[in-house]
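Listed here are the chains, written in short residue letters.
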Amino acid sequence: MFFVDTLTFEGLGNRSYLAGGDGAAVVIDPPRDIDQVIAAAARRGVRIAYVAETHIHNDYVTGGLELARVTGAAYLVPAAASVSFARTPVADGDTVEVDEGLVLRAIATPGHTPHHTSYALEDDGRAVAAFTGGSLLIGTVGRPDLVEPRLTERLARAQHASAHRLADELGDEVPVLPTHGFGSFCSSSQAEGDSTTIGKERTANDALTLDVDTFVARTLAGLEDVPAYYAHMGPANAAGPAPVDLTPPEPADARRIAERLAAGEWVVDLRSRVAFAAGHVAGSFNFEGDGKLATYLAWLIPWGKPVTLLATTPEQIAAAQRELTRVGIDRPAAAATGDPAGWIRDGEELASFPRAAFADLAAARERGTEIVVLDVRRASERAGGYVEGSVHIPVHELHGRTGEIPPGVVWVHCAGGMRAAIAASLLDAVGRQVVAVDDGFDAAVDAGLTVAGS
């Protein structure tokens, strides 16, 4: 008998897998924090015999090298990938026996990267799972533009061919188990649904239903901006990531928080956007710990800038610290917990700003109040409709473009509220008067606002 366990990382929109038999297992595309992988194997009572990478990742730092070192497993990495550490190179068609009768077979599937490799898990010669990494995803494929701009079209064509190869070689009943596609910006578009099979993809995936030229044109036209921190992930993975240190950060009192702000460092408040708006340390930024913390903080922060974390409980700090190690932000400079009143020095006051709904925005416009409406969604979202007269600066560009926002009270919105809260905190920190619109964008029409472009 075989098993496949899924490890889900919602913050990054990725999955890893533990698959094996009665005595041994393989781990596919492990996260940086390997302790949970080891715990999953312990629950199964199996030895981790192999660790396999589908590709050199661009969106997170892998734990594969360290997991292999700790467990003594063989580290399978595509042979064509250029890395600076010893590994077991795998090429198209190579096989390893994970457990008795359970074989992992490498299938070259270039497209997401030139060296991308998928793996078929075969039980007594029958394929029972396909670990497709950034190749064939749920209803889409991994984006082909993360390696080198001059290779993008060529890799898009390779993605089409790789998807067809998987569909040709594997039966309709075989589950497709990708790494990307659950919110990761490594996906060409986001997955719809939680699971799929080769048969389902054969009828629904553009890579398998469109001719190559149409597929390439549609894929390239739909590509989003690449998160800035991706530039650091591939080199870190190729060099061989260091082990993580998840011990608690040094405590920060009010004096130290003030010193870090004065030094131009980032102080990040992990509390909910509701709590942050009601009262926060002036100059701090709001990245909700329950949101896409790693993606947006790593995207916006100048790379290497020290960060101090603020939260209500030590557990929230620990969860954020774990999440941030996955994108190479390894050690917070310091951290503080408790009530925000304890994060400011005597004589200082907490800063705040109002929250509102689109109905409030419509009422303010009716009163003729001098306001600026700032839309911080991505360009692809804005293309589906926007508040007439609004200024558009995507949240990931805002930190360097605050000077472009016209005078007046800034009412900032996104699609649901999380990114608007980030943007409001950035503007509040530089002294702008802000209102965070904490509302779904569909409510803009219901509020009577003119939505253009829809």
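Whatever comes next refers back to the structure up there.
Residues numbered from 1 in each chain as written. Predicted model: local features only at pLDDT ≥ 70, side-chain atom pairs only at ≥ 80, totals over all residues. Heavy atoms only, no water.

S.K.: Help me understand the overall build of the chain in this model?
M.R.: Each helix and strand in the chain was counted, giving 16 helices and 22 strands. Relative to a compact globule of 454 residues, whose C-alpha radius of gyration would be 22 Å, the chain shows 24 Å and is just as compact. Based on the C-alpha atoms only, the size of the chain along its principal axes is roughly 70 × 50 × 35 Å. Going through the 454 residues of the chain one by one, you find that 56% of them count as buried. (Helix = DSSP H or I, 4+ residues; strand = E, 2+ residues; numbered from the N terminus. Rg over C-alpha atoms; globule rule 2.2 N^0.38 Å. Buried < 20%, exposed > 50% of the residue type's maximum accessible area, 1.4 Å probe, protein only.)

S.K.: Any chance you could explain the packing of aromatic side chains here in plain terms?
M.R.: The geometry of two aromatic rings is summed up by the distance between their centres and the angle between their planes. Enumeration according to the criterion identifies 9 aromatic pairs in this entry. Judged by centre distance (5.5 Å) and plane angle (50 degrees), the rings of Y17 and F131 are tilted. Note that Y17 is positioned in strand β2 (residues 14–20) and F131 in strand β10 (residues 126–133), a separation of 114 residues in sequence. Of the residues examined, Y17 reaches a relative accessible area of 1% and is grouped as buried. With relative accessibility at 0%, the residue F131 sits in the buried group. An aromatic cluster of at least three residues, connected via ring pairs, comprises F185, Y296 and W299. (Phe/Tyr/Trp six-rings, centres within 6.5 Å; stacked < 30°, edge-to-face > 60°.)

S.K.: I tried to follow the sheet that holds strand β11 (residues 176–178) on my own but got confused; where do I start?
M.R.: The strands that make up a sheet are held in pairs by hydrogen bonds between backbone atoms, and each pair lies either parallel or antiparallel. Strand order across the open sheet formed by 5 strands is β7-β8-β9-β10-β11, with mixed pairing between neighbours. The sheet is open, and its two borders are formed by β7 (95–99) and β11, each paired with just one other strand. Neighbour to neighbour, the strand axes of the sheet diverge by 25 degrees on average, direction disregarded. Bridge analysis of β10 against β11 gives 3 bridges, and the strand direction is parallel. From the neighbouring strand, F131 faces β11, where its bridge partner is L177. Packed onto the sheet, helix α3 (residues 152–169) meets β8 (102–108), β9 (117–123) and β10 and runs at close to 145 degrees relative to β8. (Pairing = 2+ DSSP bridges. Axes fitted to C-alpha atoms, helices over the stretch in contact; angles between N-to-C directions. Contact = heavy atoms within 4.5 Å.)

S.K.: Could you clarify how one ought to interpret the pattern of salt bridges in this entry?
M.R.: Enumeration over the complete set of coordinates arrives at 34 salt bridges. One salt bridge connects R157 with E153, and the closest N-O pair in it is separated by 3.4 Å. Taken together, the residues span about one helical turn, with R157 and E153 both in helix α3 at a distance of 4 residues. The class for R157 is partly exposed, based on a relative accessible area of 33%. Between E404 and R401 there is a salt bridge; the shortest N-O distance is 2.9 Å. E404 gets classed as partly exposed once you look at its relative accessible area, which sits at 48%. Several salt bridges share partner residues, and in doing so they unite D33, D35, R322, E323 and R326 into one network. (Salt bridge = Lys/Arg side-chain N within 4 Å of Asp/Glu carboxyl O.)

S.K.: Could you clarify how one ought to interpret the nonpolar core in this entry?
M.R.: Nonpolar side chains in soluble globular proteins generally cluster together in the buried interior. With 52 residues, the main nonpolar core has W266, F287, L300, L309 and L374 as its most contacted residues. If one sorts the elements of this core by residue count, helix α10 (residues 293–300) sits on top with 7 residues. Ignoring sequence-local partners within four residues, the contact set of L309 consists of V268, L270, I317, A320, L324, P332, A334, A335 and A336. L18, A40, I48 and A68 belong to the second-largest nonpolar core, a separate cluster that totals 22 residues. (Core = buried A, V, L, I, M, F, W, Y, C linked by side-chain atoms within 4.5 Å.)

S.K.: Explanation requested: helix α6 (residues 212–221) in the structure shown.
M.R.: Each turn of an α-helix holds 3.6 residues, which means side chains three or four residues apart point in the same direction. Buried within α6 we find F215, V216 and T219. Seen from one end, α6 has its buried residues packed into an arc of 95 degrees, which puts them on one side. Its buried side turned inward, α6 meets α3 and α5 (206–209). For α6, the side-chain oxygen to backbone nitrogen distance between the N-cap and D213 is 3.1 Å, and the N-cap itself is D211. (Arc of directions from axis to C-beta. Polar contact = N/O pair within 3.5 Å; in protein donor to acceptor, adjacent residues only side chain to side chain.)

S.K.: For this particular structure, what's the right way to read the pairing of strand β17 (residues 371–375)?
M.R.: Looking along a regular strand, one sees the side chains alternate between the two faces of the sheet. The element β17 is largely enclosed, with a buried count of 5 among its 5 residues. Burial of β17 is two-sided: the residues I371, V373 and D375 facing one way and the residues V372 and L374 facing the other way are all buried. Of the strand pairs in this sheet, β17 and strand β20 (residues 409–413) are connected by 5 bridges, and their pairing is parallel. The residue of β20 that forms the bridge with D375 is H413. In terms of strand pairing, β17 meets strand β19 (residues 391–392) through 2 bridges, oriented parallel. Residue pairing across strands places L374 opposite V391, the latter belonging to β19.

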